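Residues per chain, in single letters:
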Amino acid sequence: MIFSISNGFDTAEKVESNSFAGLNIWERKHIQEWVQQNPEMLGEELLIVTTEFDRFVNSDDRLDLLAVDRDGNLVVVELKRDPIAGYADLQAVRYAAMVSSMTVDKVLPYFVVYRQKHYAEEISLTEARKRIFDFVEMPSFAEFSSKPRIILCAEGFSQEITTTVLWLRGFQVDLSCVTITPYKIGERIIVVPKVAIPLEEAKQYLIDIKIKEEQVEQSERKQNRRTLHVLLDEGLVKADEPIFLKNALPSYLEFKEGDPTFDAWITGKTGRSDSVRWKKDSEEYSISALTEIIFNQFHPSGKYPGGINGNWHWVTASGTPLWTLAAEFRAKSSN
């Protein structure tokens, strides 16, 4: 409830809430733009990485906003103008499942396109990666988890949806509901957001649960080291060792001896964006991101490939793919 106070501070006038339909406000044209420009409207700081995301396999679905939170989680944001918001919960869960396998490398090209389209800003994949990592405050962040968060945002929610949300939260599905209520004061429209689920009183409990999950996830990560991390730790490769893009290349790409496009060095670093240095521009990349960039540059239609494991395509001077080298070590270690 909102009250308007007079200039003399002597009277308070109740301002009645309105509806988006009554004010001729639309979901995509208005609400989505507001949230995109001010993600804090959803109750927290978020980095929007793309809008109207529709790159789902065998599906015409389109999620409203895809974001990253301060803990390094992907966040699916589903906006609804209608206070009933029918099936918003099911729709958002489906979207979360579809993006659950997305990695930082896969998100980068969409982030680049988003910044260019909405802000006329040209950024490289390297800069896009830096912005994501700079935004995330978790020191241990290296990759998105396979459990994206979900935020439903609408003028209101039916009992069916709130019941479903609470039930899913009981199974550790991070699903929140944010109500946005419009008020008309003179010629201006005031929008008041409020986090409806989870309740403020439950936040500390949820924080404790999150800390416990992070500890378990970090433990699992240590047991499942990335390919180059394994190779460096075990002395199978070393810093400044040359590698070559040579194995299992797509039909439109052919390795050329001496061409800097196909040459790189292992940096000796184990971060997500600095494991190799490309000979062509001397910049540092993750090995998969660099592979995707090269494949994209040579693709006849300029398509950007996804889901590439660069360790399979890059080989050592002896011709052994990095992935094979790590797989052989893991197999010996498990015996």
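Our subject is the structure listed above.
Residues numbered from 1 in each chain as written. Predicted model: local features only at pLDDT ≥ 70, side-chain atom pairs only at ≥ 80, totals over all residues. Heavy atoms only, no water.

A. Representation of the pattern of salt bridges. Taken as a whole, this structure holds 16 salt bridges when the rule is applied. A salt bridge links Arg149 to Glu44; the nearest nitrogen and oxygen atoms lie 2.8 Å apart. One end of the pair, Arg149, is in strand β6 (residues 149-154); the other, Glu44, is in the loop between α1 (27-37) and β3 (46-53), with 105 residues separating them in the sequence. Glu44 gets classed as partly exposed once you look at its relative accessible area, which sits at 24%. For Asp263, the salt bridge identified is with Lys279, shortest N-O distance 3.9 Å. In this pair, Asp263 sits in strand β10 (residues 263-266) while Lys279 sits in the loop between β11 (276-278) and β12 (284-285), placing the two residues 16 residues apart along the sequence. Salt bridges sharing partners connect three or more residues here, namely Glu44, Asp69, Arg149, Arg169 and Asp174. (Salt bridge = Lys/Arg side-chain N within 4 Å of Asp/Glu carboxyl O. Helix = DSSP H or I, 4+ residues; strand = E, 2+ residues; numbered from the N terminus. Buried < 20%, exposed > 50% of the residue type's maximum accessible area, 1.4 Å probe, protein only.)

B. Structural view of α1. Within α1 the residues assigned to the buried category are Glu27, Ile31, Gln32, Val35 and Gln36. Burial along α1 is one-sided: seen end-on, the buried residues are contained in an arc of 135 degrees. Those residues of α1 that are exposed and aimed more than 90 degrees away from the buried face are Lys29 and Gln37. In this fold, the buried residues of α1 make contact with β3, β4 (63-69), β5 (74-80), α3 (104-119) and β7 (175-185). (Arc of directions from axis to C-beta. Contact = heavy atoms within 4.5 Å.)

C. Representation of the environment of Ser275 in the model. Within the secondary structure, Ser275 sits in the loop between β10 and β11. The class for Ser275 is buried, based on a relative accessible area of 7%. Residues within four places of Ser275 in sequence aside, it is in contact with Leu228, Trp265, Ile266, Thr267, Gly268, Lys269, Tyr285, Ser286 and Ile287.

D. Representation of unusual backbone geometry in the model. Unlike most non-glycine residues, Asn24 shows phi in positive territory, near 60 degrees. Note that Asn24 resides in the loop between β2 (12-15) and α1. Residues other than glycine seldom take positive phi values, yet Asp240 does so here, at roughly 70 degrees. Following the sequence through the fold, Asp240 ends up in the loop between α7 (227-233) and β9 (242-245).

E. Fine view of the packing of aromatic side chains. Throughout the structure, instances matching the rule amount to 9 aromatic pairs. Relative to Tyr119, the ring of Tyr114 has its centre 5.8 Å away and its plane inclined at 75 degrees; by these criteria the two rings are edge-to-face. Owing to a relative accessible area of 3%, Tyr114 belongs among the buried residues under this scheme. Measuring from centroid to centroid gives 5.6 Å for Phe255 and Phe262, while their planes differ by 75 degrees, and the two rings are edge-to-face. (Phe/Tyr/Trp six-rings, centres within 6.5 Å; stacked < 30°, edge-to-face > 60°.)

Keep in mind that these numbers describe shape and distance, not what the molecule does.
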